[in-house]
Structures are given as structure tokens and as C-alpha cells.
Amino acid sequence: MSADTTVDNSATDDNHGDGETRRDFLYLTAAAFGAVGAASFAWPLVDQMNPAADTLALSSTEVDLSPIEEGQAITVVWRGKPVFIRHRTAKEIEEAQAVDVADLRDPETDGDRVHEGQEKWLVMVGICTHLGCVPLGQKNTDVKGEYDGWFCPCHGSHYDSSGRIRKGPAPKNLGVPEYSFVTDTTIKIG
Amino acid sequence: MKRLSMIKITLSFMVLVLAFAPQAQASEGSHDLEEQHWSFSGPFGTFDRGALQRGFQVYTQVCAACHSLKYLSYRNLSDLGYDESQIKAIAAENTAMDGPNDEGEMFERPMRPSDAFKSPYSNDQEARYANNGALPPDLSLIAKARAGGADYIYGILTGYEEPPEGVVLGNGQHWNKVMPGNKIAMAAPLSDDIVGYSDESPTTKEQYSRDVAQFLTWAAEPKMEIRKRTGIKVILFLLVFAGIMYAVKRKIWVGVKH
Amino acid sequence: MSSGNREKLNNPMMEWVDSRLPIFSLLQKEYGVFPTPKNFNYLWNFGAIAMVMLVMMIVTGIVLAMSYATTTAEAFNSVERIMRDVNHGWMLRYIHANGSSFFFIAVYIHIFRGMYYGSYKQPRELLWILGVLIFLLMMATAFMGYVLPWGQMSFWGATVITNLFSAIPLVGDSIVTLLWGGFSIDNPTLNRFFSLHYLFPFLIVAVVFLHVWALHVTGSNNPLGIEPKGKQDTLPFHPYYTMKDSFGVVVFLVIFAGFTFFAPNYLGHPDNYIPADPLVTPTHIVPEWYFLPFYAILRAITFDIGIPLTSIVFIPAKLGGVLMMFGSIAMLFILPFLDKHPVRSACFRPWYKMALIIFVVDVFILGICGGKPAEGLWVPLAQFCTAYYFAFFLVIIPFLNKKEPVLALPNSINEAVLNKKVA
């Protein structure tokens with residue numbers, strides 16, 4: 001059809017004073033309601049991607065430490081991530097405590113990273129803080145890096161026996177999850 | 001005038017569709033359900049926490065012997081007003097098979113709040129075998145899976161009668177005035193005073209039935225309260241919005257002859 | 001869509017884009033100043049409402065798919081997980097489930113409006129045919145979507161509807177096996193239904209685009225059914241109809257929200273809360289309400305068609321039912337070519353108006369029949385209504401072409417509008 005686009009608009013052109021303000025206010029209110037409505041509808045669409053109730057309910061894990069002998073380590077799964085639990089030897093603890101914190105890239109004392117009185121238990125999220133690989137060092141046969149701790153083979157980060165970054169590209173120490181001792185030999189992670 | 005009649009036609013069309021749709025689908029079951037009054041009926045209805053807890057008690061002590069509730073977890077009991085330690089204790093009354101452990105063996109452990117409700121049978125075959133070949137249905141969704149919902153559950157539980165003269169019941173069959181076809185494999189599960197309540201509620205068959213019907217309605221639709229609360233907000237918002245849009249529309253159309 | 005005589009835009013950013021891809025000019029032309037008859041009534045809102053419902057179905061569907069598991073073992077469980085554990089999952093699922101019903105309500109009213117005001121007539125035949133195609137795609141999408149929760153009605157509805165194809169002579173059974181990917185409805189079937197249920201809405205979007213394109217070539221019909229003669233008969237689409245449509249959409253959403261939040265299972269069937277069981281058929285299988293009239297037509301053919309008093313059968317009852325059901329939709333496709341009466345709007349066609357009102361009542365009765373067990377009086381009633389359904393298209397409309405008097409129409413939309421105001 002011939003697009004006859006010039007349309008008589010004069011009927012609505014009451015461009016004077018009061019009418020104009022009232023109309024503008026009305027349009028603004030309508031636009032605000034439209035925006036609020038759209039946002040309220042959009043939020044559930046986005047929030048449904050957050051962890052569901054059943055996922056959250058599984059977010060804590062209890063671990064029995066009694067079978068782990070000195071010098072041994074186990075890896076447990078917590079929230080889908082590996083958690084390193086190491087029963088440290090006296091030598092390892094001594095090494096970790098002897099480090100001068102001022103020399104560290106991410107300064108933390110060994111005491112900050114373990115529970116008081118339970119220094120032999122080191123619990124960490126076993127994910128390299130560089131780009132998320134799982135470092136070696138859990139098995140006795142593993143390469144443990146230059147600092148007798150863990151070594152990430154992806155890009156060569158070395159962690160010490162307290163899981164602190166000592167050499168390589170990683171910016172931070174291996175993370176310590178929130179955990180508590182339920183009994184002397186049981187911990188609850190998360 | 002013309003426009004008004006068009007609106008009327010449109011609205012009546014919608015009303016007709018919406019009114020006929022479920023009637024047209026209603027199943028042929030002629031069971032006469034008595035409509036009960038429930039606290040959760042209506043747009044503002046909420047669950048009665050006391051009744052839910054009592055109903056849970058009846059479920060645990062009676063129904064759970066045969067019927068699973070597999071879509072519920074113990075953690076869901078917080079909706080009923082139990083606190084974390086109570087839920088832990090309730091969960092720990094049952095054990096779950098877990099494993100394998102480091103030696104490759106399966107082992108039993110006390111249940112946790114994150115575990116699903118313990119099922120009375122390990123599979124449907126076992127359930128059938130233990131119940132004369134009839135499978136006790138899972139009750140998680142029973143209130144939504146039967147026309148009538150809570151009324152139906154109450155009706156079944158209180159609907160046991162002597163069969164009318166001339167009706168012969170097979171082995172393991174019972175007469176129930178509410179059950180479609182009137183023959184039901186479940187023996188009357190409730191009778192007075194079989195469950196002790198800690199509150200003042202009467203320990204009668206009717207009270208048990210009412211309570212468990214409410215509990216199972218919650219179990220089928222645990223989000224009902226938030227659904228209705230959200231709905232009221234949404235509808236109020238939309239009504240105001242509709243009013244504003246009507247004003248906008250009128251303002252724009254003022255002076256246009258159409 | 002040519003950028004030939006484009007007007008420059010004031011905003012430099014928009015101008016930069018527009019001079020390379022004249023999208024703002026296009027929007028301005030097709031939705032800004034697009035001349036639209038000024039005498040629409042509220043029935044003209046349902047195109048926009050249907051569009052909103054389509055968008056709502058797609059976005060809720062996409063997010064539901066994030067938590068849905070496409071295996072027969074997990075489908076039902078995953079839907080329950082959405083209802084119980086996923087954040088806002090209950091709301092998203094109820095919007096999606098009730099949304100299909102309200103999408104169909106909007107589209108049925110939209111179709112009725114087209115029939116009442118003769119919107120399918122020359123030069124809008126293709127516009128109408130594209131619309132019927134959308135309707136057909138919607139039915140396929142809705143049918144496959146209903147299978148996904150893997151409840152009893154899902155399973156048995158899928159079984160019954162896919163078995164329709166077995167009525168096709170010679171190759172029917174092979175086609176059914178192909179559709180199933182096995183020897184019954186099972187995992188492969190569920191997977192392909194999910195895949196297609198995800199695909200089809202985008203096909204619908206594509207056809208909607210063509211539908212709107214065709215609309216913008218011919219321009220809209222209007223309640224008087226006469227073409228606008230000039231600018232005194234039309235208004236720019238924006239803001240007149242954008243705002244009127246928005247009002248209509250919000251009112252529609254109020255009713256939709258009422259069902260979604262306060263009676264979310266009213267339009268559903270309780271049996272679909274029972275997990276699918278291939279060994280137990282529900283006593284009474286019914287499709288969703290929006291399919292019931294067609295389901296009734298399917299079941300109305302209870303007799304073989306052949307030479308009476310002999311055993312020669314041309315069309316067995318099963319094939320007859322299937323043919324009639326697809327034929328009932330084919331009627332909609334060919335409607336523009338059946339109705340040759342020069343007047344569009346039923347306002348000026350009292351005979352057609354009467355026949356159409358009876359047709360609507362007829363479809364309602366078919367819908368009720370479709371939901372009842374196929375026994376007793378329901379069968380002959382459905383047969384009678386099926387007969388009227390086809391007679392409306394194949395007998396009454398051709399008859400009216402010849403016999404219905406052509407009444408005097410108003411000279412222009414503007415004149416009719418002004419006269420109405422005086423009267």
C-alpha cells in the first residue's frame with residue numbers, strides 16, 4: 001500500500017501548561033511500572049541459575065580423620081571440589097612455622113591456616129589459585145615441588161608444606177575452607 | 001456500545017473456555033466427595049502448622065509403614081516449624097545405605113537432613129510382594145494426582161464401610177465409598193487412639209484423616225504459601241499497571257473519533 | 001526495507017548504525033508511523049497478546065531446560081526438583097504450563113476475530129495462511145511439550161497421538177516406529193520430542209515474522225472490513241495502538257496471573273502428577289483442553305466408509321478419523337478460497353454472522369464431547385457437530401457466496417465513525 005505516513009496528529013496536540021505536565025507524569029509512571037514489571041519478571045529467570053535448595057543442603061561434608069596416618073593425605077569432595085586433608089609430620093610443621101612471613105607473596109602464618117591445637121591437620125581446597133588446576137603432592141609418589149608441599153604441573157606453581165605459594169605464577173595461597181572439629185578426629189567442612 | 005459488546009464477547013469467550021476446560025476433562029469417577037473446609041483454601045489460605053506436624057506424625061507412625069514420600073527430604077520439615085536440631089534428630093532415627101567406603105563396602109549410616117525420606121521398601125517389586133501384589137503409591141504428589149486433593153484423601157481415609165449386600169469382595173479387597181470403583185486394596189489404616197498427640201487435638205480417626213490430608217497437601221505443593229503471597233503482589237501490581245495504562249491510552253486517544 | 005530515502009536521525013550513534021543498517025528507520029516506518037485503521041476494537045489486541053505469550057513461553061522454556069533432565073528415568077524427578085528446589089522453579093514451571101493454555105486462548109480469539117471480520121479475504125489470504133501455519137506449529141509444540149514431564153497423561157497422550165499415524169495405509173506402522181525410535185514411546189522418543197519442542201518455537205518466531213511482514217504489506221483489516229481511503233481513516237501505530245495493546249496485554253496478564261498463582265493446576269490433569277507407567281493406562285485419556293475439539297472430531301468417525309451392504313471398505317474408521325481431524329485444520333487453510341463473498345465484515349453479513357456464531361458454539365460442544373468418554377449420547381452429538389463443522393466451510397460458506405445479499409457499506413471508516421458518534 002502507499003505508505004501515507006503523514007497523519008493528522010492535531011487532535012492530541014494540547015501542548016499547553018497543565019495538561020502537558022500531567023501527561024508527562026502519567027507516561028513516566030507507566031514507563032516506571034513497565035520497567036519494574038520487566039525487571040521483576042527477569043529476576044527469577046536469572047536467579048534460577050543460583051544453587052538450588054538441594055544443592056545447598058549438600059554443601060557441608062563430614063570427614064573422619066582417624067584413618068589418615070602421619071605423612072599421609074586424602075582428597076575428599078566438597079561442593080564438587082577436591083579438598084586436601086594432610087596429616088603433617090613434625091618436620092613439615094616445623095618447616096612451615098619457620099618461614100619468615102615477610103618473604104611470602106601472600107603473607108600468612110602457618111597458624112592462620114590450621115586450627116589451634118590441631119596443627120598436624122592441614123585442610124585446603126586443592127585448586128591452584130592460578131587457573132584452577134589440581135596440584136600434585138597428595139600421593140607419596142607425587143612431585144611435591146621445591147618447598148616440600150604441592151606442585152601444580154599446569155604452570156609450575158610451588159606450594160610449601162602449609163600450602164602457601166612460594167614460586168610460580170599463582171597469586172594466592174591454597175584456600176582454606178571453613179571447617180570445624182566435630183570431635184577430635186572428625187571435621188565438618190562447610 | 002459496539003466496543004462494549006466486543007469486550008463482552010471476548011471476556012465471555014475466555015470465561016467459557018476456562019470454565020469448560022476442566023469440566024470437559026473431569027474423569028468419569030462418580031465418587032461423591034464431601035468438600036471440607038481447609039485452612040489452605042482460597043487465595044489467602046495458609047497451612048496450619050499444628051495440623052501439618054500432627055499429620056507428619058500420623059504419616060510416620062501409620063502410612064510410612066507402606067507408603068514412601070520420596071520427593072521430600074528431612075530438611076523440608078523446617079516448613080512445618082521444626083528447628084534444625086529437631087530435624088537432625090528426626091532424620092537420624094532412620095539409616096541410609098551409603099558407600100562404598102574405602103574398603104569397597106556399602107555401609108549404613110544415620111540419615112541426615114539432606115537425605116530424602118526413607119522409603120519402606122527398597123523397590124516396587126518388594127512393595128508389591130509385601131502387599132498382595134498391590135503397589136502402595138508414593139504419597140509425595142498424591143494430593144495433586146487425585147481429583148479432589150485433600151478432600152479425596154480425607155474421603156478415602158474416612159470412607160471405609162461395610163459393602164452393600166450382594167457385593168462380593170475379592171481377597172485383600174475392601175469397600176470404600178470414595179474410591180473410584182469402590183474396591184480398594186488398602187485396609188482401613190486409621191482408627192481412634194492409635195497415634196498419641198502431644199497437643200489437645202482429639203485422637204479420632206477423623207482428626208487423623210484431616211491432619212494427614214493437610215500434611216500430604218503440603219507435601220505435594222510445599223511452595224503453596226509463597227505462591228499465593230507472590231500472586232497477590234503480582235496481581236495488585238498488574239491491576240495498578242492496567243489502570244495506569246488505561247489512563248495513558250485514554251489520554252492519547254482523547255479527541256480521536258474512533 | 002530499502003534505505004533509499006532515509007531521513008537523517010538526530011542522535012549521531014543511532015545515525016551511524018542507521019546509515020549502515022536502517023533498523024531504526026524500519027522500526028519507525030513499521031511501528032512508529034505505520035498507518036493503522038482508527039476503528040479497531042479490543043479484539044485487535046490479541047495479536048500483540050499472542051506475541052507476548054510467545055516470548056514468555058520461550059524465555060521460561062529456556063530456563064526450565066536448564067534444570068530439566070531428558071531421560072525417562074529422570075524427567076519426572078527433574079520436574080519435581082524444579083518445583084521444589086530450584087529457585088523460583090515452581091513459578092517458572094507454572095508460568096510455562098499455564099502459559100500454553102493462555103497462548104492458545106489468545107490465538108483462538110485472534111482466529112475468531114479474523115473469521116468474524118473477514119480478515120482472511122483478498123488481499124490477506126497469505127497472511128491468514130501463515131497464521132494457520134503458526135497455529136499448526138503451536139499445536140505440534142504444545143503436544144511435544146506436554147510429553148516432557150513424563151507423567152501418565154504425557155506418556156499415554158503421546159502414545160495415542162503418535163498412533164494416529166499408524167492409520168496411514170501401507171507405511172503407517174513404519175512411520176510410527178520411526179517417530180518412536182523404538183517399539184514403544186521410550187527414551188529416544190522423549191529425547192527427540194525435547195529437541196523438537198526446543199526448536200519449533202523458533203520456527204514459530206520465524207513464521208510470526210513473515211505473518212507480520214505480510215500484515216504490513218496489506219495493512220490491517222478493521223471491524224468495518226473496508227479499506228482505509230486516506231489519512232482521515234488511519235492513525236499512526238505508535239502511540240495509539242502501542243498503548244492500547246499494552247493496556248490489553250496487562251489486563252490479559254492479570255487473568256493469566258490469577259490462574260498461574262491461584263489455580264495453577266486447574267487447567268491440567270491430575271494424572272500427570274503420576275509418573276509415566278507403560279503398563280497401566282489411565283481410565284480416561286484426554287488431551288489438553290485446547291485440543292479437545294479436534295480430538296472429538298477424531299473420535300467421531302466410528303464407522304468404516306465403503307460401499308453399503310458390501311464388505312468393501314475404502315476408508316476404515318481409524319483412517320477416517322485421522323483424515324477428518326487433519327481435514328478440520330485444512331479447512332482453515334483453504335478458508336480464503338472458499339469464501340468469495342465480496343463483503344468482509346460479519347457486521348454487514350447477518351447470514352454469515354449467524355452461521356459463524358453457530359460454528360463457534362459447535363466448536364465448544366465438540367470440545368466438551370472431546371473431554372467425555374466416547375460412549376452414549378456423546379458419540380452422535382460429536383458426529384453431528386463434526387458434520388456442522390465441515391458443512392460450515394464446505395456447504396454454508398459457498399451457499400452464502402451466492403445467496404447472501406450484499407448490503408450497502410459505509411463510504412469510509414471516518415464517515416462511519418462520525419455517524420456512530422452522532423447516533
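Definitions and cut-offs
Residues numbered from 1 in each chain as written. Chains lettered and ligands numbered in written order. Predicted model: local features only at pLDDT ≥ 70, side-chain atom pairs only at ≥ 80, totals over all residues. Heavy atoms only, no water. Disulfide = S-S within 2.5 Å. Pairing = 2+ DSSP bridges. Helix = DSSP H or I, 4+ residues; strand = E, 2+ residues; numbered from the N terminus. Axes fitted to C-alpha atoms, helices over the stretch in contact; angles between N-to-C directions. Patch = residues over 30% accessible without salt bridge, like charges linked within 9 Å, V, L, I, M, F, W, Y side chains within 5 Å. Areas by Shrake-Rupley, 256 points an atom, 1.4 Å probe, with all protein chains shown as cover. Salt bridge = Lys/Arg side-chain N within 4 Å of Asp/Glu carboxyl O. Buried < 20%, exposed > 50% of the residue type's maximum accessible area, 1.4 Å probe, protein only. Contact = heavy atoms within 4.5 Å. Buried area = accessible area lost by both parts, 1.4 Å probe. Polar contact = N/O pair within 3.5 Å; in protein donor to acceptor, adjacent residues only side chain to side chain. Nonpolar A, V, L, I, M, F, W, Y, C, P; charged D, E, K, R; others polar. 1 Å grid on protein atoms, 1.4 Å probe; cavity = no way out; pocket = protein on both sides within 12 Å on 5 of 7 lines; lining within 4 Å. Points joined across faces, edges and corners; volume = space filled by probe spheres on them. Core = buried A, V, L, I, M, F, W, Y, C linked by side-chain atoms within 4.5 Å. Left-handed = near helix turned anticlockwise from the far one by under 90°.

### Let's talk about the state of the cysteines
For the structure shown, the criterion picks out 1 disulfide over all chains. Residue B:C63 stays outside any disulfide, its sulfur separated by 9.1 Å from that of B:C66, the closest cysteine.

### As for the sheet that holds strand β8 (residues 179-183) of chain A
Sheet strands line up and pair through hydrogen bonds in the backbone, either parallel or antiparallel. All names here are of chain A. Strand order in this open sheet of 3 strands is β1-β9-β8, and the pairing throughout is antiparallel. Taken across any chain shown, the strands that pair with only one partner, and hence form the sheet edges, are β1 (61-64) and β8. Recorded for the sheet is a direction-independent mean angle of 30° between the axes of neighbouring strands. In this sheet, strand β9 (residues 186-189) lies alongside β8 in antiparallel orientation, the contact comprising 4 bridges. Along β9, the bridge assignment pairs Y179 with I189.

### What about the sheet that holds strand β3 (residues 81-87) of chain A?
Residue and element names in this part refer to chain A. Taken in spatial order, the 3 strands of this open sheet run β2-β3-β4, and their pairing is antiparallel. Each of the sheet's edge strands pairs with one partner strand only, and the pair in question is β2 (73-78) and β4 (121-125). Each strand axis lies, on average, 20° off the axis of its neighbour in the sheet, ignoring direction.

### What about a nonpolar patch on the surface?
Residue and element names in this part refer to chain C. On the surface, L21, I23, L27, Y31 and M51 cluster together into a nonpolar patch covering about 430 Å² of accessible area. Looking at which element gives the most residues to the nonpolar patch, the answer is helix α2 (residues 23-32), with 3 residues. For M51, the location among the structural elements is in helix α3 (residues 46-65). Judged by its relative accessible area of 35%, M51 falls in the partly exposed class.

### Some details on the environment of C:V59
One can find C:V59 in helix α3. Judged by relative accessible area, which is 27%, C:V59 ranks as partly exposed. Separated by 37 residues in the primary sequence, C:V59 and C:H96 place their C-alpha atoms 9.1 Å from one another. Not counting chain neighbours up to four residues away, the residues in contact with C:V59 comprise A:F41 and A:L45.

### Quick notes on the interface of chain C and chain B
Taken together, the contacts link 68 residues of chain C with 57 residues of chain B. Taking both sides of the interface into account, the surface hidden between chain C and chain B amounts to around 5600 Å²; carbon and sulfur atoms contribute 73%. Considering only the surface of chain C that becomes buried against chain B, C:R84, C:F262 and C:F364 emerge as the three largest contributors, covering 14% of it. Counting across the chain C and chain B interface gives 1 salt bridge. Its salt-bridge partner being C:D85, residue B:R75 comes within 3.1 Å of it at the nearest N-O pair. Counting every contact that joins chain C to chain B gives 10 residue pairs in polar contact (both at pLDDT 80 or more). At the level of elements, α4 (75-84), α5 (89-116), α10 (237-262), α13 (350-371) and α15 (413-422) of chain C are the ones that each hand at least two residues to the side of chain C that touches chain B. Broken down by class, the residue content of the side of chain C that touches chain B amounts to 46 nonpolar, 12 polar and 10 charged.

### A closer look at empty space enclosed by the protein
Residues and elements named next belong to chain C. Counted under the stated rule, the structure contains 5 cavities of 30 Å³ or more. Its boundaries defined by the atoms lining it, the largest cavity holds a volume of some 860 Å³. Lining the largest cavity we find 41 residues, and of these M57, H96, A97, G145 and H197 sit closest to its centre. The set of elements that each furnish at least two residues to the lining of the largest cavity consists of α3, α4, α5, α6 (125-147) and α9 (187-218). Along the lines of polarity and charge, the residues of the lining of the largest cavity split into 27 nonpolar, 12 polar and 2 charged.

### A few points about the nonpolar core
Counting 145 residues, the largest nonpolar core has C:F102, C:M115, C:Y389, C:F392 and C:F393 as the members making the most contacts within it. In terms of residue count, α5(C) provides more of this core than any other element does, 16 residues in total. Apart from residues no more than four positions distant in its own chain, C:M115 is found in contact with C:Y120, C:W128, C:L332, C:L335, C:Y352, C:L356, C:F359, C:F392 and C:F393. In this structure, B:L77, B:A143, B:I153 and B:V195 belong to the second largest nonpolar core, which totals 40 residues.

### A short note on the interface of chain B and chain A
Interface size, as often reported, equals the accessible area lost upon joining of the parts. Of the residues lining the interface, 14 residues belong to chain B; the matching set on chain A comes to 16 residues. Contact between chain B and chain A buries roughly 1300 Å² in total, counting both sides, with carbon and sulfur atoms accounting for 75%. At the junction of chain B with chain A, the criterion picks out 0 salt bridges. For the pair chain B and chain A, the number of links is 0 residue pairs in polar contact (both at pLDDT 80 or more). A class-by-class count of the residues in the side of chain B that touches chain A yields 10 nonpolar, 2 polar and 2 charged.

### Here's the deal with the packing of helix α6 (residues 150-158) of chain B against helix α7 (residues 205-220) of chain B
Geometrically, a packed helix pair is captured by the angle between its two axes and the distance between the axes. All names here are of chain B. Packing of α6 against α7 brings their axes to within 9 Å, and their N-to-C directions diverge by 145°. The way α6 lies across α7 gives a crossing that is right-handed. Contacts from A150, I153, Y154, L157 and T158 of α6 reach α7 at K205, E206, S209, R210, V212, A213, L216 and T217. For the contact of α6 with α7, a count of residues per class yields 7 nonpolar, 3 polar and 3 charged.

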